[in-house]
Amino acid sequence: MKLWLDGALRDIESARVSVFDHGLTVGDGIFETVKAVDGRPFALTRHLDRLTRSARGLGLPDPDLDEVRRACTAVLDASPMALGRLRITYTGGHGPLGSDRGEHGPTLIVAVGETARRPDSTAVITVPWTRNERGAVTGLKTTSYAENVVALARAREQGASEALFGNTVGRLCEGTGSNVFVVLDGELHTPPLASGCLAGITRALVVEWTGAKETDLPLDVLEGADEIFLTSTLRDVQAVGRVDDRQLPGVPGSVTAKAMRIFDERAGDDLDP
């Protein structure tokens, strides 16, 4: 297996990042996870646009997108696989142990790992912790992921694959690595970006392709929604069959099944929508 590190393709055994890299010491970094189908990345342009937005939000230099594209191609060519998780990581680079940045410039890592298609349905839980819809890094896809690690571990303990957060004012927000959609009286809704959720790539495509409404929703909407599904790069559209102790009947429901079908068809027609 090979990965891209700071301008070159390297063997995984020899690739090394400084122990003083700001991405390690203080979580000063951003990343993108891109689905790769038969060696080709899906929606890469959208992912790179978001990578740039996240970099600017953290005050990092704009990433060299030409290099990132070359890196993605090189890594995928070096490790052929039917379905892959392509990870682009971009950090503040070598720096001091405190929060101030150093002068060495950013670190770029691109790696890929094999993955499998997700099940058509899953279980989720809600957690008592909140997303801060007014935080300095709200809406940025940063490497400061410990909050998600803790919540996801709680979900695994309860037989679920995802944990859903409300925000500080009790509105439905997002999962640890996914966006959430609900069906109410036959209509499809998802929380707006103002809720503090990440602007998910798959979320945006589903909104565009299905006409879903961005709606401010209470967290307890999950207790009565007719259908619920998650979206993310590797989940695509995935139905939810259980929320906490509530079992949803007939999963996937008709609206979810239609969204799954539309996404599969449109994504299959265009790998860079």
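Residues numbered from 1 in each chain as written. Predicted model: local features only at pLDDT ≥ 70, side-chain atom pairs only at ≥ 80, totals over all residues. Heavy atoms only, no water.

Enquirer: Requested: an account of the pattern of salt bridges, with residues and values cited.
Expert: For the coordinates displayed, the defined rule picks out 13 salt bridges. One salt bridge in this structure joins R56 and D62, with 2.7 Å as the shortest N-O distance. You can call R56 exposed: its relative accessible area is 56%. Between K213 and E187 there is a salt bridge; the shortest N-O distance is 3.2 Å. Here K213 is found in strand β12 (residues 213-214), whereas its partner E187 is found in strand β11 (residues 187-190), with 26 residues between them in sequence. (Salt bridge = Lys/Arg side-chain N within 4 Å of Asp/Glu carboxyl O. Buried < 20%, exposed > 50% of the residue type's maximum accessible area, 1.4 Å probe, protein only. Helix = DSSP H or I, 4+ residues; strand = E, 2+ residues; numbered from the N terminus.)

Enquirer: Tell me about the environment of C72, residues and numbers included.
Expert: By secondary structure assignment, the location of C72 is in helix α3 (residues 65-78). Take C72: its relative accessible area is 1%, and that puts it in the buried class. The spacing of C72 and L86 is 14 residues in sequence and 7.6 Å in space, taken between C-alpha atoms. Sequence-distant contacts of C72, that is, excluding residues within four places in its chain, are made with L44, L86, I88 and V110. (Contact = heavy atoms within 4.5 Å.)

Enquirer: Let's hear about the pairing of strand β6 (residues 107-114): which residues, and what values?
Expert: Every regular strand shows the same layout, with side chains that alternate between the two sheet faces. Counting buried residues in β6 gives 6 out of 8 residues, a clear majority hidden from the surface. Sheet topology note: the strand β1 (residues 2-5)/β6 ladder contains 2 bridges and is antiparallel. Bridging across to β6, L5 finds its partner in I109. By the bridge criterion, 8 bridges tie strand β5 (residues 83-91) to β6 in an arrangement that is antiparallel. What sits directly across from I88, in β6, is V110. (Pairing = 2+ DSSP bridges.)

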